[in-house]
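Architecture at a glance
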Amino acid sequence: MIHVKKEGILLEKTQLGFENQGVMNPTVIQEGDIIHLFYRAVKVGNISSIGYACLSSPLCVESRMEVPLLYSQFDYESQGLEDPRICRIEGIYYLSYTAYNGVSALGALATSLDLIHFNKFGIIVPQMTFENFQQLAEAQGKINEKYLRYNNPFTLANNADKKAIIWDKNVVFFPRKIKGKFHFIHRVRPDIQLVIVDELNELTVEFWQHYFLHLTDWILMTSKFPHEVSYIGGGCPPIEIAEGWLFIYHGVFDSVEGYVYTVCAALLDLDNPLIELARLPLPLFYPEETWEKKGNVNNVCFPTGALVKDDTLYIYYGAADERIACATLSLSELMNEFKINPSYVTTA
């Protein structure tokens, strides 16, 4: 039995111009005694930037910047920088985020050596039309029909000035190289996919064309339980523990009140994350509190940051797309629950 404690709201919107509509979907990284928290800040008009706060302990905000740390500078992110995730790999900080230009939402990357100055790497996911994607992905046979339902051009925004391409969000890096290679998660709905490369400059048009020709080889996880029946997506950067990679992700199901976003957990193999070792058949938690059920988008618990202190797992999440909250649980209780819920079917 896992006991989850909702610690409550950590950050709320302010009257500052860059975050007067909402704050949400934070990522965290600890260096020494300082916990750095980067979050999506939204101004009226639904334009996002990345804000920053400093925590002296997992639940105590010490300071907060009054201007965004990262903001729109290029056309591909003209309508916002959303949902950051951060990790440190071989001395370099990799901050991935969703770049939105008003039509397409695509995974992008910025890097830093000091968590103050960031260099934008640009979009790292494919930039192709639905027709190109379908032609490649179905080369070996039919794929899950939800790929077509969620990504066909009739469901994408129509803007005569910009070409609509498939959305590819939730880019999350593993916090170290595995067998000398970068591993990162991304998501073309409805599944979660995995990318493995020696260097990020390999992510060319040709790479993605070959990747989608073999799409089924790279599906990390697919929907399995009722609380994730609509689709799933990446959440917090995976946490390395002795038993495997602890992966906190989000699952979505449709209800009479619309989509409901839940917080879920799985355990992946350390050497080959495509091997799913265990997955919980129920969500860790879901919208229950008023501040999770009512906001800019109702019924949302969206996990994007996590850290472990002793036996406590802290999960930072966006609540109703308007505020930032935190929940805690026992890591040992979670491991015991994984042991009685192994995954017998893997994508390896």
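Below or above, wherever it landed, is the structure these notes cover. Just so it is clear, the model here is predicted, and its values are computed rather than measured.

Here Arg189 and Pro190 are connected by a cis peptide whose omega angle stands at 20 degrees. Within the secondary structure, Pro190 is located in the loop between strand S11 (182-187) and strand S12 (192-197). Backbone geometry places Leu115, a non-glycine residue, at a positive phi of 65 degrees. Examined against the element boundaries, Leu115 turns out to sit in the loop between strand S8 (105-112) and strand S9 (118-123). Overall, the relative accessible area of 8% leaves Leu115 in the buried class. The backbone of Asp321 sits at a positive phi, close to 50 degrees, despite the residue not being glycine. Mapped onto the secondary structure, Asp321 falls in the loop between strand S20 (312-319) and strand S21 (323-330).

Time to look at the pattern of salt bridges. A side chain with one charge can pair with a side chain of the opposite charge if their charged atoms come near. Inspection of the entire model under this criterion finds 16 salt bridges. The partner of Glu77 in a salt bridge is Lys120, and the shortest N-O contact between them spans 2.6 Å. Placement of the pair is Glu77 in the loop between strand S5 (60-64) and strand S6 (80-89) and Lys120 in strand S9, with a sequence separation of 43 residues. The buried category is assigned to Glu77, whose relative accessible area is 0%. Each of Lys224, Glu228, Glu276 and Arg279 takes part in a single network of salt bridges with overlapping partners.

A separate point is the packing of aromatic side chains. Counted by the stated rule, this structure contains 23 aromatic pairs. Both rings, one in Tyr94 and one in Phe182, keep their centres 5.6 Å apart while their planes meet at 65 degrees; by these two values the pair is edge-to-face. One end of the pair, Tyr94, is in strand S7 (residues 92-100); the other, Phe182, is in strand S11, and 88 residues separate them in sequence. Of the residues examined, Tyr94 reaches a relative accessible area of 8% and is grouped as buried. With a relative accessible area of 4%, Phe182 lands in the buried category. With 5.2 Å between their ring centres and 80 degrees between their planes, Phe174 and Trp245 make a pair best called edge-to-face. Here Phe174 is found in the loop between strand S10 (169-173) and S11, whereas its partner Trp245 is found in strand S16 (residues 244-255), with 71 residues between them in sequence. The class for Phe174 is buried, based on a relative accessible area of 0%. Pairwise contacts between aromatic rings join Phe133, Tyr147, Phe207, Trp208, Tyr211, Phe212 and Trp218 into one cluster.

Rules and cut-offs
- Residues numbered from 1 in each chain as written.
- Predicted model: local features only at pLDDT ≥ 70, side-chain atom pairs only at ≥ 80, totals over all residues.
- Heavy atoms only, no water.
- Helix = DSSP H or I, 4+ residues; strand = E, 2+ residues; numbered from the N terminus.
- Buried < 20%, exposed > 50% of the residue type's maximum accessible area, 1.4 Å probe, protein only.
- Salt bridge = Lys/Arg side-chain N within 4 Å of Asp/Glu carboxyl O.
- Phe/Tyr/Trp six-rings, centres within 6.5 Å; stacked < 30°, edge-to-face > 60°.

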